[in-house]
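Listed below, chain by chain, are the residues.
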Amino acid sequence: MNFKYSKKDKLKSKKLIEQLFTEGKAVTAFPLKLIYLKTEFEDGSQLKTGVSVSKRLHKTAVSRNRIKRLLREAYRLNKPRYFNNSSASFAFMILYLSKDGTTFDKLDTSMKLLFKKFIDKTAE
């Protein structure tokens, strides 16, 4: 199992992020929303993922950065369980939708539910 979230796994391309929001499909498990797009990457990676927290809902950078850190950690720990045997390549953007702060346990359970919904939706 590979629990890494390395630089090549991070979604950084502005073109790809724009394409993700225009053409991508979404799955929601409150307080998280996953926007995904099936695509191919030149570097051969399976998944590229970004996380986002609304500035409108969380005014201070401290709270936004804390939630983003927790989101990345929950993603990193759950990724091998759901995507190790996947052959398709996807670009992901994980959005945090709630106004309230959160704990790691809540985010972890939401992330698991989100990934289950994603797998059910793409398996069809």
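Residues numbered from 1 in each chain as written. Predicted model: local features only at pLDDT ≥ 70, side-chain atom pairs only at ≥ 80, totals over all residues. Heavy atoms only, no water.

Some words on the sheet that holds strand E3 (residues 47-53)
Thought 1: Strand order in the open sheet formed by four strands is E1-E2-E4-E3, with mixed pairing between adjacent strands. Strands with a single pairing partner mark the edges of an open sheet, and in this sheet they are strand E1 (25-29) and E3. Neighbour-to-neighbour, the strand axes of this sheet turn through a mean angle of 20 degrees, independent of strand direction.
Thought 2: Judged from the seven bridges that link them, E3 and strand E4 (residues 90-96) form a sheet pairing that is parallel. (Pairing = 2+ DSSP bridges. Helix = DSSP H or I, 4+ residues; strand = E, 2+ residues; numbered from the N terminus. Axes fitted to C-alpha atoms, helices over the stretch in contact; angles between N-to-C directions.)

Notes on the side chain of Thr-102
Thought 1: Within the fold, Thr-102 resides in the loop between E4 and helix H3 (104-123).
Thought 2: Once you skip the residues sitting within four places of it in the chain, Thr-102 turns out to touch Arg-66, Ile-67, Leu-70, Tyr-96 and Leu-107. (Contact = heavy atoms within 4.5 Å.)

Quick look at the layout of surface pockets
Thought 1: As a volume, the largest pocket reaches approximately 260 Å³.
Thought 2: If you go around the largest pocket, you meet 13 residues; those closest to its centre are Asn-2, Asp-9, Gln-46, Lys-79 and Asn-84.
Thought 3: Counting residues per element, the lining of the largest pocket draws most heavily on helix H2 (residues 61-83), which supplies three residues.
Thought 4: Among the residues making up the lining of the largest pocket, the classes are represented as three nonpolar, six polar and four charged.
Thought 5: In this structure, the second largest pocket spans a volume of roughly 180 Å³. (1 Å grid on protein atoms, 1.4 Å probe; cavity = no way out; pocket = protein on both sides within 12 Å on 5 of 7 lines; lining within 4 Å. Points joined across faces, edges and corners; volume = space filled by probe spheres on them. Nonpolar A, V, L, I, M, F, W, Y, C, P; charged D, E, K, R; others polar.)

Some details on the pattern of salt bridges
A side chain of one charge can pair with a side chain of the opposite charge when the charged atoms of the two come close.
Thought 1: If you walk through the whole model with that rule in mind, you get four salt bridges.
Thought 2: Asp-9 is the partner of Lys-79 in a salt bridge, and the nearest nitrogen-oxygen pair spans 3.5 Å. Here Asp-9 lies in the segment before helix H1 (14-23) and Lys-79 lies in helix H2, a separation of 70 residues in the sequence.
Thought 3: Across the salt bridge formed by Arg-76 and Glu-73, the nearest N and O atoms sit 2.7 Å from each other. Here Arg-76 pairs with Glu-73, and both are found in helix H2, just three residues apart, close to one helical turn.
Thought 4: The exposure class of Arg-76 is partly exposed, given its relative accessible area of 25%.
Thought 5: Assessed through its relative accessible area of 29%, Glu-73 is described here as partly exposed. (Salt bridge = Lys/Arg side-chain N within 4 Å of Asp/Glu carboxyl O. Buried < 20%, exposed > 50% of the residue type's maximum accessible area, 1.4 Å probe, protein only.)

Notes on the nonpolar core
Thought 1: If you look at the biggest cluster of nonpolar residues, it comprises 26 residues, and the most contacted ones within it are Leu-32, Leu-71, Tyr-75, Phe-92, Ile-94 and Met-111.
Thought 2: Only E1, strand E2 (32-38), E3, H2, E4 and H3 provide two or more residues apiece to this core.
Thought 3: Tallying contributions element by element places H2 first for this core, with seven residues.
Thought 4: For Phe-92, the residues in contact, after removing those within four places along its chain, are Leu-11, Leu-20, Leu-34, Ile-35, Tyr-36, Leu-47, Lys-48, Thr-49, Gly-50, Tyr-75, Phe-83 and Phe-118.
Thought 5: In terms of nonpolar packing, the next biggest core, distinct from the first, is built from nine residues, Leu-11, Leu-16, Ile-35 and Ala-91 among them. (Core = buried A, V, L, I, M, F, W, Y, C linked by side-chain atoms within 4.5 Å.)

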